[in-house]
Amino acid sequence: MGFKCYFCESRDRVGYWSNWCEDCANLRRMLLLYDPKKCCDILKRTLTRDDKQIDFKVSQEQKKIMLDSLPTIKEEVVTNDNDSDSEYTPPNKRKTRSKKI
């Protein structure tokens, strides 16, 4: 279309007579339906982080990096000289019933 949204100025407007793109139009409708102060409070609580949350996230990422850099521990299979495949005896099984036709 060539006409950019008045709010985000990055996407095309929905139509020639419209001023906003689809997403910005939805935001505008939500602001009109609900109290703008309530919408701003919700956005602040969900989209921004305080210092405590930032510190926690940084520590979690550091732990993840440290755990990824540690070598993995592989379990070693212990074999005895006395054990061999020839001495293996399969477990006892129940006898299966013969099918009657």
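For the structure, check the block above.
Quick look at the structure, then. Treat the numbers as computed from the prediction; the structure is a model and nothing was measured.

1. A closer look at the environment of C5
Tracing the chain through its elements places C5 in the segment before α1 (22-33). The exposure class of C5 is buried, given its relative accessible area of 1%. When the C-alpha atoms of C5 and C24 are compared, they prove to be 7.9 Å apart, with 19 residues separating the residues in sequence. Ignoring any residue separated from it by four or fewer positions in sequence, one finds C5 in contact with R11, R13, N19, W20, C21 and C24.

2. Remarks on a nonpolar patch on the surface
There is a patch of nonpolar side chains on the surface, built from F7, L27, M30, L33 and Y34 and spanning about 590 Å² of accessible area. When you line up the elements, L33 lands in helix α1. The exposure class assigned to L33 is exposed, which follows from its relative accessible area of 66%.

3. Observations concerning the layout of surface pockets
As a volume, the largest pocket reaches approximately 210 Å³. Surrounding the largest pocket, F7, W20, C24, L27, R28, M30, L31, C39, I42 and L43 form its lining. Going through the elements one at a time, α1 and α2 (36-47) are the ones with two or more residues in the lining of the largest pocket. The class makeup of the residues in the lining of the largest pocket is nine nonpolar, no polar and one charged.

Criteria and cut-off values
Residues numbered from 1 in each chain as written. Predicted model: local features only at pLDDT ≥ 70, side-chain atom pairs only at ≥ 80, totals over all residues. Heavy atoms only, no water. Helix = DSSP H or I, 4+ residues; strand = E, 2+ residues; numbered from the N terminus. Buried < 20%, exposed > 50% of the residue type's maximum accessible area, 1.4 Å probe, protein only. Contact = heavy atoms within 4.5 Å. Patch = residues over 30% accessible without salt bridge, like charges linked within 9 Å, V, L, I, M, F, W, Y side chains within 5 Å. Areas by Shrake-Rupley, 256 points an atom, 1.4 Å probe, with all protein chains shown as cover. Salt bridge = Lys/Arg side-chain N within 4 Å of Asp/Glu carboxyl O. 1 Å grid on protein atoms, 1.4 Å probe; cavity = no way out; pocket = protein on both sides within 12 Å on 5 of 7 lines; lining within 4 Å. Points joined across faces, edges and corners; volume = space filled by probe spheres on them. Nonpolar A, V, L, I, M, F, W, Y, C, P; charged D, E, K, R; others polar.

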